[in-house]
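# Results of the structural survey
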Amino acid sequence: GFGTPAALAAPLLVGLGIPALPAVIVSLIANSTPVSFGAIGTPILIGLGTSINTSYETLKSIAINVAILHAIIGLFIPLLISCTISKFTKKSFFKGFEIWKFSLLAGACFVVPYLLIAVFIGPEFPSLLGGLIGLISIILFAKLGVFLPKTKSKLNIKSLYALSPYLLAALILLITRLKPVNELLKTLSLSIQLGSNINYIFNIFLSPGIIFLLVGILFSKNITSPLKKSVSKC
């Protein structure tokens, strides 16, 4: 949440070989459909919940309507991304339509679970789980060559290694939002007194920023270089 996905996705794309400027642009484009359910549903649960002071069921109903609208738009986001990257790398926006079938499939891999989760579970996980399910699904479709041109590039070990910190961070975020784990981690909080009447409580291990920082340290070059060399030999 709070713009973190775009900030994290851009370096990942650069690491996979996309030039810096289009990497930033497409990360911001992609950070559109998911935002209403970002930060574990904060815009709906907190943004609306505290302002209109309504029941969870009403918020869930709002979330369903939001998810339907965003799913329609989100279906075409990967196609827009393809065309944007094509504009920079092939000097033609419309060459991005060469993989329009695969782009729409990528959009569907995200928006279908995204919408189903909003309908049957609630506003906490459409973006997080929808994105994770979509990522796994589109990788499998890519490996099978579904809707890809014959000159497709294969997913390699480098790509998997570049994605692994993000997958781990998403998994940890999901685990920390499970109620028993969440209640336990809330006890590990830091209380900060700001003036005489303001007391701020920082839940250290529930903060997405702290989780990404810990995962970043875990996957830093010095720690994981032996692992990376072993994986590269496979």
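Predicted, not measured: the structure shown is a model, and the values here were computed from it. (Residues numbered from 1 in each chain as written. Predicted model: local features only at pLDDT ≥ 70, side-chain atom pairs only at ≥ 80, totals over all residues. Heavy atoms only, no water.)

Attention now moves to the packing of helix 5 (residues 77-89) against helix 6 (residues 100-120). The geometry of helix 5 relative to helix 6 is characterised by a closest axis approach of 7 Å and an angle of 135° between their N-to-C directions. By the angle between their axes, helix 5 is oblique relative to helix 6. Facing P78, L79 and S82 of helix 5, the residues of helix 6 in contact are W100, S103, A106 and G107. A class-by-class count of the residues in the contact of helix 5 with helix 6 yields 4 nonpolar, 3 polar and no charged. (Axes fitted to C-alpha atoms, helices over the stretch in contact; angles between N-to-C directions. Helix = DSSP H or I, 4+ residues; strand = E, 2+ residues; numbered from the N terminus. Parallel < 35°, antiparallel > 145°, perpendicular 65-115°, else oblique. Contact = heavy atoms within 4.5 Å. Nonpolar A, V, L, I, M, F, W, Y, C, P; charged D, E, K, R; others polar.)

Along the chain, K60 falls in helix 4 (residues 56-74). Buried and without a salt bridge, K60 has E57 as its closest oppositely charged side chain, separated by 5.3 Å. Dropping the residues within four chain positions of it, K60 is found in contact with A118, V119, F120, I121 and G122. (Buried < 20%, exposed > 50% of the residue type's maximum accessible area, 1.4 Å probe, protein only. Lys, Arg positive; Asp, Glu negative; His and termini not counted. Salt bridge = Lys/Arg side-chain N within 4 Å of Asp/Glu carboxyl O.)

Looking at where N182 falls in the secondary structure, it is placed in helix 9 (residues 179-186). A relative accessible area of 13% means that N182 is categorised as buried. At 3.1 Å, the side chain of N182 and the backbone oxygen of T176 are in polar contact. If we skip the residues at most four places from it in the chain, N182 touches T176, R177 and L206. (Polar contact = N/O pair within 3.5 Å; in protein donor to acceptor, adjacent residues only side chain to side chain.)

Our focus in this paragraph is the nonpolar core. Counting 11 residues, the largest nonpolar core is built from F37, I44, L59, A63, V66, A67, A71, F110, V111, Y114 and A118. When residues of this core are traced back to their parent elements, those giving at least two are helix 4 and helix 6. When residues of this core are assigned to their parent elements, the largest contribution, 5 residues, is made by helix 4. Ignoring any residue separated from it by four or fewer positions in sequence, one finds F110 in contact with T33, P34, P126, S127, G130, G131 and G134. Counting residues in hydrophobic clusters, the runner-up holds 6 residues, among them A23, V26, I29 and I77. (Core = buried A, V, L, I, M, F, W, Y, C linked by side-chain atoms within 4.5 Å.)

A few words now on unusual backbone geometry. We note that K91 has phi near 60°; this positive angle belongs to a residue other than glycine. Structurally, K91 can be placed in the loop between helix 5 and helix 6. Take K91: its relative accessible area is 68%, and that puts it in the exposed class. Residues other than glycine seldom take positive phi values, yet F147 does so here, at roughly 60°. Structurally, the position occupied by F147 is in the loop between helix 7 (126-144) and helix 8 (157-176).

Summarising the model, the protein chain shows a mean pLDDT of 83, and 86% of its residues fall at 70 or more. Per-element confidence in the protein chain ranges from a low mean pLDDT of 50 for helix 11 (residues 221-233) to a high of 95 for helix 6. (pLDDT = per-residue confidence, 0-100.)

Turning our attention to the packing of helix 2 (residues 20-30) against helix 5. Look at helix 2 against helix 5: their axes get within 10 Å of each other, and the N-to-C directions meet at 165°. Taken as axis vectors, helix 2 and helix 5 run roughly antiparallel relative to one another. Considering only the axes of helix 2 and helix 5, their crossing is right-handed. In this structure, helix 2 uses L21, P22, I25, V26, I29 and A30 to contact helix 5, whose residues at the interface are I77, L80, I81, T84, I85 and F88. (Left-handed = near helix turned anticlockwise from the far one by under 90°.)

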